[in-house]
Protein chains: 2
Amino acid sequence: MDASLGQISTLLKENDNFYILTHQYPDGDTLGSGFALCRALQKIGKKSKVINNSAIPSKYTFLRDGVREEGFKPGFVISVDVADESLLGPNLKEYVGKVDVCIDHHKINKDFAKYKYVDCTAAATTQIIYDLLQKMELKIDKLIANSIYTGLATDTGCFKYQNTTSRTHIIAARMLDLGADFAAINKTMFDLKTKKQFIAERYIADSMDFYLEGKLAIIYVTLDILEKSGVDDSVIDGIAGMPKQIAGVLIGATFRQKKEEEFKISVRTEPGVDASLLCRHFGGGGHASAAGCVLKGSLEKVKMSFVDYVKEFLTKLNL
Amino acid sequence: MDASLGQISTLLKENDNFYILTHQYPDGDTLGSGFALCRALQKIGKKSKVINNSAIPSKYTFLRDGVREEGFKPGFVISVDVADESLLGPNLKEYVGKVDVCIDHHKINKDFAKYKYVDCTAAATTQIIYDLLQKMELKIDKLIANSIYTGLATDTGCFKYQNTTSRTHIIAARMLDLGADFAAINKTMFDLKTKKQFIAERYIADSMDFYLEGKLAIIYVTLDILEKSGVDDSVIDGIAGMPKQIAGVLIGATFRQKKEEEFKISVRTEPGVDASLLCRHFGGGGHASAAGCVLKGSLEKVKMSFVDYVKEFLTKLNL
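From a predicted model like this one, the values you see are computed outputs, not experimental measurements. (Residues numbered from 1 in each chain as written. Chains lettered and ligands numbered in written order. Predicted model: local features only at pLDDT ≥ 70, side-chain atom pairs only at ≥ 80, totals over all residues. Heavy atoms only, no water.)

What follows concerns the relation of the copies chain B and chain A. Both copies of the chain are related by a screw-like operation: a rotation about an axis and a shift along it. The two copies are related by a screw operation: chain B maps onto chain A through 180 degrees of rotation and 0.0 Å of translation along the axis, at an RMSD of 0.0 Å. The two molecules are tied by a two-fold rotation axis, judged by turn and shift. Identified as the residue of chain B closest to the rotation axis by C-alpha distance is B:His169, at 2.6 Å. The overlap is high: 100% of the interface residues of chain B also sit at the interface in chain A, so the same surface is used on both sides. (Least-squares fit on C-alpha atoms with pLDDT ≥ 70 in both. Contact = heavy atoms within 4.5 Å.)

Okay, here's the thing in structure tokens:
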């Protein structure tokens with residue numbers, strides 16, 4: 001059921017032994033939310049830990065700074081930036097049906113937790129975590145500011161995209177005043193890459209192809225590209241925006257080959273084309289301008305079914 | 001001589017027939033500053049126009065929206081975001097020695113105007129224009145907000161770089177509240193490219209080479225690359241940050257071939273390496289983390305003298 005931020009605040013103050021769950025294939029927002037909340041709770045003497053489906057990608061490990069690791073059994077389960085329990089990932093299955101509080105900003109949030117606070121106007125879930133910490137009257141230190149800032153920056157493409165609001169900028173301003181290492185964070189999140197990553201990105205750029213008179217562009221992160229450039233899929237990041245950079249492209253898609261016949265598809269769209277709706281057709285979801293889904297089958301088959309549906313989808317929109 | 005913002009405000013109120021000069025190779029900040037101020041002055045019944053060394057690159061022409069074009073003789077000359085008269089460009093030579101008010105944020109600003117207001121803590125000159133319009137009690141409408149926002153975003157890499165301050169974010173928040181088309185602006189400034197530009201960027205990425213154990217990386221925008229990808233130099237934008245994205249690079253340089261034997265060099269550096277100081281050796285200048293200079297000679301010669309000096313420069317810094 002829906003709860004107010006005040007109610008969530010009371011629940012957190014009255015409980016202890018928090019497990020904070022993030023979504024799988026974690027990003028800066030789910031991890032930033034998790035570690036910001038975790039550190040804030042630890043600082044008032046609560047036991048708290050962030051639980052992930054798998055290891056945290058190295059670019060995000062700095063978010064763990066200042067968070068104590070301790071063993072304890074869960075007394076209260078919180079999910080952050082998780083729209084649906086299925087997104088917790090296979091290794092967190094044991095928590096399905098056991099989430100006490102869900103804090104999220106996805107429009108498509110499923111009503112899976114005992115209590116939920118979903119603010120779709122928040123550009124990032126860390127924006128809500130900021131509000132929650134204010135409500136709880138908890139002090140935000142530099143490390144918590146780093147985590148909150150990371151969520152704001154990563155979910156908005158560094159304040160570039162339409163989901164940014166004046167409030168996002170106001171909170172960012174406060175995080176800067178609290179000493180957030182924003183320039184270093186942004187460099188790590190958006191710019192820094194190894195030579196191998198740089199080479200991989202060149203292969204990926206070369207893979208771009210166009211459909212439907214240039215309205216759809218697709219890039220491919222295949223197992224072959226990863227192998228010949230010697231990098232891991234987890235380090236190929238922030239490329240989902242690449243296809244939509246080309247003038248005229250309404251839908252940009254990134255096909256990440258997870259197994260020989262399994263592709264994780266990230267979709268980015270122009271205003272007026274709902275990425276979340278498009279991905280829902282394939283059992284996925286997300287936001288209006290950025291969403292994702294998983295398709296199984298050979299690359300050719302998957303591509304054909306995706307392109308076919310996009311054609312139908314755009315036709316319905318008269319685009 | 002130095003003037004306060006209050007004095008500048010009075011000067012603008014008491015004078016008329018403004019020529020607002022931008023720097024050559026104009027960017028979003030000099031043009032955003034120029035058009036924001038121009039429109040604000042026109043709105044209080046003053047004659048005002050923005051004067052550039054050459055045509056405005058097409059990606060910036062939207063900044064002219066809502067600005068009336070009218071013919072009149074200059075009564076009062078203002079320069080915006082111009083650190084030195086030599087940067088006005090060859091076609092604005094007639095204004096050298098005739099600038100009444102200089103509004104700028106460059107540390108290396110030369111004392112060339114009758115009155116100057118230089119705020120080096122401002123991330124962008126449009127940040128100062130915002131302060132000035134507040135001081136003059138002029139209303140900021142949506143179009144002025146677009147121009148102010150454009151300067152903020154372009155000079156900070158969309159709030160990514162160290163020069164961003166909490167005040168930059170606060171002013172950005174106000175521009176969003178005033179209706180600035182920030183997402184469309186950011187797309188135009190940072191992302192959108194034609195297929196030809198995309199291809200040119202791939203050639204440029206391929207050109208990257210490394211010196212001094214990977215501490216210096218250089219990319220080349222040669223006349224040859226421009227020709228074979230069919231694009232104009234003016235549309236190859238925002239690539240100066242590319243070399244410094246590679247882990248370990250302290251100095252990233254972009255060599256833009258202007259003529260067979262003339263190269264405009266853009267330098268981007270890590271904290272602790274002063275790009276402005278480095279470029280001053282070659283007669284250029286700029287900011288601590290982003291600066292430029294022009295070198296003449298064959299590519300090989302120019303490259304050698306640049307690499308040699310960078311080596312000396314880094315040695316002096318024990319890097």
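Here the narrative resumes, following the displayed structure.
Geometrically, a packed helix pair is captured by the angle between its two axes and the distance between the axes. Residues and elements named next belong to chain B. Between helix 3 (residues 125-135) and helix 5 (residues 166-177), the least distance of the axes is 11 Å, while the angle of their chain directions is 65 degrees. Of the two possible hands of crossing, helix 3 and helix 5 adopt the one that is left-handed. Listed contacts from helix 5 to Gln127, Tyr130 and Asp131 of helix 3 are Arg167, Thr168, Ile171, Arg174 and Met175. (Axes fitted to C-alpha atoms, helices over the stretch in contact; angles between N-to-C directions. Helix = DSSP H or I, 4+ residues; strand = E, 2+ residues; numbered from the N terminus. Left-handed = near helix turned anticlockwise from the far one by under 90°.)

So, about unusual backbone geometry. All names here are of chain B. The phi dihedral of Tyr25 falls on the positive side, at around 45 degrees, and the residue is not glycine. You can see Tyr25 is positioned in the loop between strand 1 (18-21) and helix 2 (28-43). Residue classification places Tyr25 among the partly exposed positions, given a relative accessible area of 43%. (Buried < 20%, exposed > 50% of the residue type's maximum accessible area, 1.4 Å probe, protein only.)

Let's shift gears to the nonpolar core. With 104 residues, the main nonpolar core has A:Leu37, A:Tyr149, B:Leu37 and B:Tyr149 as its most contacted residues. Sequence-distant contacts of A:Leu37, defined by excluding residues within four places in its chain, comprise A:Leu12, A:Ile20, A:Ile78, A:Val80, A:Ile103, A:Ile129, A:Leu132 and A:Leu133. (Core = buried A, V, L, I, M, F, W, Y, C linked by side-chain atoms within 4.5 Å.)

Quick look at the pairing of strand 9 (residues 262-269) of chain B now. Residues and elements named next belong to chain B. Counted residue by residue, strand 9 has six buried out of eight residues, so it is predominantly covered. In terms of strand pairing, strand 8 (residues 251-259) meets strand 9 through eight bridges, oriented antiparallel. Bridge pairing links Ala253 to Val267 in strand 9. Where strand 8 hands over to strand 9, the hairpin turn is made up of two residues, counted between the paired strands. For strand 9 and strand 11 (residues 290-296), the ladder comprises seven bridges, and the chain directions are antiparallel. Opposite Glu262, over in strand 11, you have Lys296 as the bridge partner. (Pairing = 2+ DSSP bridges.)

Listed by partner, the interface residues are 37 residues for chain B and 37 residues for chain A. When the two sides are added together, the surface that chain B and chain A hide from each other amounts to roughly 3300 Å², 60% of it contributed by carbon and sulfur. A per-residue breakdown of the area chain B buries against chain A is headed by B:Lys160, B:His169 and B:Gln245, which together make up 19% of the total. Put simply, chain B and chain A have six salt bridges between them. For B:Glu270, the salt bridge identified is with A:Lys187, shortest N-O distance 2.5 Å. Along the contact surface separating chain B from chain A lie 19 residue pairs in polar contact (both at pLDDT 80 or more). (Buried area = accessible area lost by both parts, 1.4 Å probe. Salt bridge = Lys/Arg side-chain N within 4 Å of Asp/Glu carboxyl O. Polar contact = N/O pair within 3.5 Å; in protein donor to acceptor, adjacent residues only side chain to side chain.)

Residues and elements named next belong to chain B. By the secondary structure assignment, Glu85 is in the loop between strand 3 (76-80) and strand 4 (101-104). For the buried residue Glu85, which engages in no salt bridge, the nearest side chain bearing the opposite charge is Lys110, 9.0 Å off. Within the structure, the side chain of Glu85 is placed 2.4 Å from the backbone nitrogen of Gly97, a separation counted as a polar contact. Discounting residues that sit within four places of it in the chain, Glu85 has contacts with Tyr95, Val96, Gly97, Lys98 and Phe112. (Lys, Arg positive; Asp, Glu negative; His and termini not counted.)

This part is about the packing of aromatic side chains. Residue and element names in this part refer to chain A. Evaluation of the coordinates by the stated rule reveals 23 aromatic pairs over all chains. Considering the side-chain rings of Phe255 and Phe263, the 6.4 Å spacing of their centres and the 55 degrees angle between planes classify their relative orientation as tilted. Overall, the relative accessible area of 1% leaves Phe255 in the buried class. Note on Phe263: relative accessible area 0%, which makes it buried. (Phe/Tyr/Trp six-rings, centres within 6.5 Å; stacked < 30°, edge-to-face > 60°.)

Quick look at the pairing of strand 4 (residues 101-104) of chain A now. Residues and elements named next belong to chain A. Burial along strand 4 is two-sided: Val101 and Ile103 facing one way and Cys102 and Asp104 facing the other are all buried. Pairing of strand 3 (residues 76-80) with strand 4, which is carried by three bridges, proceeds in the parallel orientation. Note that in strand 4 the partner of Val80 across the bridge is Ile103. In the sheet, strand 4 pairs with strand 5 (residues 115-118) via four bridges, with the strands oriented parallel. Residue pairing in the sheet places Asp104 in a bridge with Val118 of strand 5.

Another aspect to go through is the confidence of the model for chain A. Per-chain confidence: chain A averages 95 in pLDDT, with 100% of residues scoring 70 or above. Here the complex is predicted with pTM 0.89, and the ipTM for its interfaces comes to 0.88. (pLDDT = per-residue confidence, 0-100.)

A few words on the environment of A:Gly71. Along the chain, the position of A:Gly71 falls in the loop between strand 2 (48-51) and strand 3. With 41 residues separating them in the primary sequence, A:Gly71 and A:Thr30 have C-alpha atoms 22 Å apart.

Another point: the domain arrangement of chain A. Residue and element names in this part refer to chain A. Taken domain by domain, chain A consists of domain 1 (5-190) and domain 2 (195-316). The C-alpha centroid of domain 2 is placed 27 Å from the C-alpha centroid of domain 1. With seven residues of domain 1 in contact, the opposing surface of domain 2 contributes nine residues. Here domain 1 meets domain 2 over a buried area of about 710 Å², counting both sides, of which 56% is carbon and sulfur. Here domain 1 is connected to domain 2 by zero salt bridges. (Domains from an automatic or database assignment.)

In this section: the side chain of B:Thr164. All names here are of chain B. Looking at the secondary structure, you find Thr164 in the loop between helix 4 (142-155) and helix 5. Residue class for Thr164 comes out buried when judged on its relative accessible area of 3%. From its side chain, Thr164 meets the backbone oxygen of Tyr161 in a polar contact 2.7 Å long.

Turning our attention to the sheet that holds strand 4 of chain B. Residue and element names in this part refer to chain B. Reading across the sheet, the five strands line up as 2-1-3-4-5 and stay open at both edges, with parallel pairing between neighbours. Two strands in the sheet have a free side with no partner beyond their single neighbour: strand 2 (48-51) and strand 5 (115-118). Averaged over all neighbouring strand pairs, the angle between strand axes comes to 20 degrees, with direction disregarded. Packed on one face of the sheet, helix 1 (residues 5-14) meets strand 1, strand 3, strand 4 and strand 5 and runs near 130 degrees to strand 5. Packing of helix 3 onto the sheet brings it into contact with strand 3, strand 4 and strand 5, and relative to strand 4 it is tilted by some 120 degrees.

All names here are of chain A. On the basis of which strands lie adjacent, the open sheet formed by six strands has the order 6-7-8-9-11-10 and mixed pairing. Of all strands in the sheet, those bounded by a partner on one side alone are strand 6 (209-211) and strand 10 (285-286). Where strand 6 lies against strand 7 (residues 216-221), three bridges are found, and the strand directions are antiparallel. Pairing of Tyr211 across the sheet is with Leu216, part of strand 7. In the packing of helix 10 (residues 299-316) onto the sheet, the strands contacted are strand 6, strand 7, strand 8 (251-259), strand 9 (262-269) and strand 11 (290-296), and the crossing angle to strand 7 comes to about 155 degrees.

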